[in-house]
Amino acid sequence: MSHDEHAAPYTGPQAGTAARAPKRIRTHHLQRFKQQQQKFAMLTAYDAMMANVFDEAGIEVLLVGDSAANVMQGRESTLGITVDELLVYAKSVVNGVSRALVVADLPFGSYQASPEQAVHTAVRFMKEAGVHAVKMEAHGATVPHVKAVVDAGIPVMAHSGFTPQSEHQLGGFRVQGRGEQARKVLDDARALQDAGAFCLLVEMIPAELTTELEAALTIPTIGIGAGSGATGQVLVWQDMLGLNTGRLPRFVKQYADLRSIITDATQNFRRDVVQGTFPAQEHTF
């Protein structure tokens, strides 16, 4: 019996079914979810502690996104983060999980030049960080890059629709795949599937196009701002848990207000220090 077959009763996307939970989520489990019409969840993660929380909470896939440039480094776009910087985040996330599938973004400029460059960068994430798969913002012109990485034995999650690394070419943060654009999204998706991508993440496209993609493809789709038709859904964890302030994208649902909780706790700590009530006797050797 393989390692994955030693499993506890399934408590994932549809608890109470006859399915059993794998010890480690792998790409073929996501395919199984699609075939069995089950849903799965993905969150971003950038450090071991939060990755461990999400892993224990049952999140199936963790994405070490180039969104770290925004939420961890305070940059206005994802374009500036480097491979070396993202490798540190990726290794930290891998160290924090025991069950979730860990996928790392390939940063802007690290794979577009050639299929060979894509393979080189993807290999670094597998060897140096220990991730289980990589994600590439992909379209028709980068299909050979995806195929080369897959042929090298590295699972690839393709990313279509709105692709943040191309924000300037796309004219900013705009919904993609409307009208005649829908055909190109579909054609690119089929080509990426044929190139060997195990999954397709679609961002900021009309819900009806997501439903059409999910029906047209044999691989699962993951949506962000793309309606409920995808097999999986992903959010940036700081958005989902209410750490970010200001205007949020329409597709974000906040499940907690951690910023207020952390602010209150921090203010209480400072008050105790200023008033001399911390540390108290019970905190002293």
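The rules behind the values
- Residues numbered from 1 in each chain as written.
- Predicted model: local features only at pLDDT ≥ 70, side-chain atom pairs only at ≥ 80, totals over all residues.
- Heavy atoms only, no water.
- Helix = DSSP H or I, 4+ residues; strand = E, 2+ residues; numbered from the N terminus.
- Rg over C-alpha atoms; globule rule 2.2 N^0.38 Å.
- Buried < 20%, exposed > 50% of the residue type's maximum accessible area, 1.4 Å probe, protein only.
- Pairing = 2+ DSSP bridges.
- Axes fitted to C-alpha atoms, helices over the stretch in contact; angles between N-to-C directions.
- Contact = heavy atoms within 4.5 Å.
- UniProt positions renumbered as here; feature names shortened; annotations may be inferred.
- Right-handed = clockwise from strand over helix to strand, strands pointing away.
- Core = buried A, V, L, I, M, F, W, Y, C linked by side-chain atoms within 4.5 Å.
- Phe/Tyr/Trp six-rings, centres within 6.5 Å; stacked < 30°, edge-to-face > 60°.
- Parallel < 35°, antiparallel > 145°, perpendicular 65-115°, else oblique.
- Left-handed = near helix turned anticlockwise from the far one by under 90°.
- Nonpolar A, V, L, I, M, F, W, Y, C, P; charged D, E, K, R; others polar.

Caption draft 1: Representation of the overall build of the protein. Of the regular secondary structure elements, the protein holds 11 helices and 8 strands. Its C-alpha atoms give the protein a radius of gyration of 20 Å, near enough to 19 Å, the size a compact globule of 285 residues would have. Counting only C-alpha atoms, the protein reaches 65 × 50 × 35 Å along its principal axes. Looking at the protein as a whole, 47% of its 285 residues are labelled buried.

Caption draft 2: Looking closely at the sheet that holds strand 2 (residues 61-64). Overall, parallel pairing links the 8 strands, which are arranged 1-2-3-4-5-6-7-8 in a closed barrel. Going across the sheet, the axis of each strand differs from the next one's by a mean of 25 degrees, ignoring polarity. Bridging between strand 4 (residues 133-137) and strand 5 (residues 156-161) involves 4 bridges; their strand directions are parallel. In the strand pairing of strand 5, Glu137 is matched with His159. Packed onto the sheet, helix 6 (residues 143-151) meets strand 4 and strand 5 and runs at close to 175 degrees relative to strand 4.

Caption draft 3: Quick look at the UniProt feature "binding site: Mg(2+)" (unreviewed entry) in the protein. Those residues carrying the UniProt feature "binding site: Mg(2+)" (unreviewed entry) are Asp66, Asp105 and Glu137 in this numbering. In sequence the annotated residues extend across 72 residues, while in space they remain close, none of their C-alpha pairs exceeding 10.9 Å. For Asp66, a relative accessible area of 5% gives the class buried. In contact with Asp66, not counting residues within four places along its chain, are Thr78, Ile81, Leu86, Asp105, Glu137 and Gln165. Summarising the element assignment, Glu137 is placed in strand 4.

Caption draft 4: The arrangement of the pairing of strand 6 (residues 199-203) in detail. The buried fraction of strand 6 amounts to 5 of the 5 residues, a majority that puts the element mostly inside the structure. Judged from the 5 bridges that link them, strand 5 and strand 6 form a sheet pairing that is parallel. Across the sheet, the residue bridging to Met157 is Cys199, located in strand 6. The pairing of strand 6 with strand 7 (residues 221-224) spans 4 bridges and is classified as parallel. By the bridge assignment, Glu203 is partnered in strand 7 with Ile224. In this region the chain leaves strand 6, passes through helix 9 (residues 207-216) and returns to the parallel neighbour strand 7; the handedness of that crossover is right-handed.

Caption draft 5: Examining the nonpolar core more closely. In this structure, Phe54, Leu62, Phe125 and Leu213 are the most contacted members of the largest nonpolar core, which totals 60 residues. Top contributing element to this core by residue count: helix 4 (residues 83-96), with 7 residues. Setting aside chain neighbours within four positions, we find Leu62 in contact with Met42, Leu43, Ala45, Ala51, Phe54, Val93, Val97, Ala100, Leu101, Val102 and Val103. Within the second largest apolar cluster, 17 residues are counted, among which are Ile25, Phe40, Met157 and Leu201.

Caption draft 6: Structural detail: the packing of aromatic side chains. According to the stated counting rule, one finds 4 aromatic pairs in the structure shown. For the pair Tyr46 and Tyr89, a centre-to-centre distance of 6.4 Å together with 80 degrees between the ring planes defines the contact as edge-to-face. Highlighted residues: Tyr46 in the loop between strand 1 (40-44) and helix 2 (48-56) and Tyr89 in helix 4, separated in sequence by 43 residues. With relative accessibility at 15%, the residue Tyr89 sits in the buried group.

Caption draft 7: Region of interest: the packing of helix 4 against helix 5 (residues 115-129). For the pair helix 4 and helix 5, the least separation of the axes is 9 Å and the interaxial angle reads 40 degrees. With respect to each other, helix 4 and helix 5 are oriented oblique. Our pair here, helix 4 against helix 5, has a crossing hand that is right-handed. Note on element contacts: helix 5 touches helix 4 through Thr121, Arg124, Phe125, Glu128 and Ala129, opposite Val83, Asp84, Leu86, Leu87, Ala90, Lys91 and Val94. Counted by class, the contact of helix 4 with helix 5 contains 7 nonpolar, 1 polar and 4 charged residues.

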